[in-house]
Amino acid sequence: MIDGLGRHITYLRLSVTDRCDLRCTYCMSENATFLPRKDILSLEEMAVIGHTFAALGVRKIRLTGGEPLIRHNITSLVRSLGALVGSGELDELTMTTNGTLLARHADELVHAGIRRINVSLDTLDPDAFAAITRRYRLGEVMNGLSAADAAGLRIKINRVMQAGVSEDDLDRMIEWCGRRGYDLTLIETMPLGDAGSGSNPVSLSSVRADLATRWQLSPMSDRTGGPARYFHVAETGGRLGLITPLSRHFCDDCNRVRVNCRGELRLCLGSGASVDLRPALRQSAPQKAMMDLIRSSIGSKPAAHAFSALSPQTATWSHLPMHAIGG
Ligand code: SAM
Ligand code: SF4
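Residues numbered from 1 in each chain as written. Chains lettered and ligands numbered in written order. Predicted model: local features only at pLDDT ≥ 70, side-chain atom pairs only at ≥ 80, totals over all residues. Heavy atoms only, no water.

Peer 1: Just to check I follow, could you spell out the pattern of salt bridges for this structure?
Peer 2: Should their charged atoms come close, side chains of opposite charge can pair. This model, assessed by the stated rule, comprises 20 salt bridges. Where Lys 60 meets Glu 92, a salt bridge forms, and the shortest distance between an N and an O atom there is 3.9 Å. Of this pair, Lys 60 sits in strand 2 (residues 60-64) while Glu 92 sits in strand 3 (residues 92-97); the two residues are 32 residues apart in sequence, bridging distant segments of the chain. With a closest N to O distance of 3.0 Å, Arg 239 and Asp 183 form a salt bridge. Here the residue Arg 239 occupies a position in strand 9 (residues 238-243), and Asp 183 occupies one in strand 6 (residues 183-188), the gap between them amounting to 56 residues. Both residues of the pair, Arg 239 and Asp 183, belong to the buried class. Connected via shared salt-bridge partners are Lys 38, Asp 39, Arg 262 and Glu 264. (Salt bridge = Lys/Arg side-chain N within 4 Å of Asp/Glu carboxyl O. Helix = DSSP H or I, 4+ residues; strand = E, 2+ residues; numbered from the N terminus. Buried < 20%, exposed > 50% of the residue type's maximum accessible area, 1.4 Å probe, protein only.)

Okay, here's the thing in structure tokens:
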């Protein structure tokens, strides 16, 4: 699949729910509204979508949400898509999770075909964790990480950076990730939806300059097909990634599209435009109908998002927050 600018689309982020057991301030308001359950695709329909994208040339699928592990029977979808890895039709199936339910699911994820996961964790301090997520659940995340380690999952920690929020434990987290063998990626807050626009973004250029006064950071050439730039941390031997949607464009080699839990294809995170896959999905030959629809839509993938064109303090680029789009 090649878009109008010659970019090869090889990565699908598939959101399995818009619901979550945390309420991170930059993602969801405490009283977030969710889609009616009848509007959310079944896991079988999501499997058809995943298989269709793989048939179109997508090589990697990431399951996300909302919180993917709260979706009842999520393992059945993981098994169905994991089979595509087994048959060589996909290179990788991964998941982004907040980790609260990992202790219960880590073993079955490995058996179903997942080898690597991203766990979102913004702080190691229980009170700061509760302030960011509005829930005292750091202990469950830590238990989940230990279970994921024991199950043999490779782990990357994603930490969303907000000015003045738990900045003081970043050094501790770099050291902790190095010790546990986790990659760590820092993400600039994107102003998505009401919750995102109320957050306090920080530029990662200044975070990096500050870290460089205490840590030896050498740029690495690694690209994982995503927007992160990586640095080797000499003191820990670990890898530090920076994702900078506000201060630096990463659109020229964007390889990804998203499908949310309602079956809407979004060609760019920074654009509200979407294509409804449901009519095609509900035809008698859904895979053929969806392939035609996706092929005809992919050419209109925007050249770039508009995040850096506006002030992060005053503008909301997307009316939907991250949990509803599928992060
Ligand atoms: N619940 C899962 C989790 O938190 O990992 C998966 C869904 S979450 C929406 C996916 C990722 O989006 C997380 O790493 C989260 O930190 C990130 N995220 C949410 N809102 C964001 C925002 N406004 N700006 C940047 N990243 C955001
Ligand atoms: Fe839930 Fe993930 Fe959003 Fe936090 S970032 S509220 S864990 S969906």
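Still more ground to cover, so stick around.
Peer 1: I tried to follow helix 6 (residues 170-180) on my own but got confused; where do I start?
Peer 2: Every α-helix carries 3.6 residues per turn, so stepping three or four residues along brings you back to the same face. All of the buried residues along helix 6 are Leu 170, Met 173, Ile 174, Trp 176 and Cys 177. Buried residues of helix 6 fall within an arc of 165 degrees about the axis and therefore sit on the same side. Contact partners of the buried residues in helix 6: helix 5 (138-151), strand 5 (154-161), strand 6, helix 8 (204-211) and strand 8 (229-233). (Arc of directions from axis to C-beta. Contact = heavy atoms within 4.5 Å.)

Peer 1: Is there a simple way to explain the environment of Gly 99 in this structure?
Peer 2: Residue placement: Gly 99 occurs in the loop between strand 3 and helix 3 (102-112). In this structure Gly 99 comes out as buried when scored by relative accessible area, which is 0%. Between the alpha carbons of Gly 99 and Asn 118 there is a distance of 8.9 Å; along the sequence they are 19 residues apart. Beyond its immediate sequence surroundings of up to four residues, Gly 99 is in contact with Val 119, Glu 140, Val 141 and Gly 144.

Peer 1: For this particular structure, what's the right way to read the packing of aromatic side chains?
Peer 2: Note on aromatic pairs: each is described by the distance of the centres and the angle between the planes. Under the defined criterion, the tally for this structure stands at 1 aromatic pair. In this structure, Lys 60 is placed above the aromatic ring of Tyr 11, and the distance from its NZ or CZ to the ring centre is 4.8 Å. (Phe/Tyr/Trp six-rings, centres within 6.5 Å; stacked < 30°, edge-to-face > 60°. Lys NZ or Arg CZ within 6 Å of the ring centre and 35° of its normal.)

Peer 1: Even after reading the chapter, I still don't get the environment of Thr 10, so can you show me in this structure?
Peer 2: Residue position: Thr 10 is located in the segment before strand 1 (11-15). Using a relative accessible area of 26% as the deciding quantity, one classes Thr 10 as partly exposed. Each C-alpha atom of the pair Thr 10 and Val 58 lies 3.9 Å from the other, and the pair is 48 residues apart in sequence.

Peer 1: Where do I start with the pairing of strand 5 in this structure?
Peer 2: Looking along a regular strand, one sees side chains alternate from face to face of the sheet. Across the 8 residues of strand 5, 7 count as buried, placing the element largely inside the fold. Sheet topology places strand 4 (residues 116-120) next to strand 5; 5 bridges connect them, and they run parallel. Bridging across to strand 5, Asn 118 finds its partner in Lys 156. Across 6 bridges, strand 5 lies against strand 6 in parallel orientation. Across the sheet, residue Ile 157 finds its bridge partner in strand 6, namely Leu 184. (Pairing = 2+ DSSP bridges.)

Peer 1: It is not clear to me how the sheet that holds strand 11 (residues 264-266) should be interpreted in this structure. Could you clarify?
Peer 2: Strands belonging to one sheet form pairs held by backbone hydrogen bonds; the direction of such a pair is parallel or antiparallel. Here we have 12 strands laid out as an open sheet, ordered 7-8-9-6-5-4-3-2-1-10-11-12, and mixed in their pairing. Single-partner strands in this sheet number two, and they are strand 7 (217-219) and strand 12 (275-276). Of the strand pairs in this sheet, strand 6 and strand 9 are connected by 4 bridges, and their pairing is parallel. Following the sheet pairing, Leu 186 is matched in strand 9 by Leu 242.

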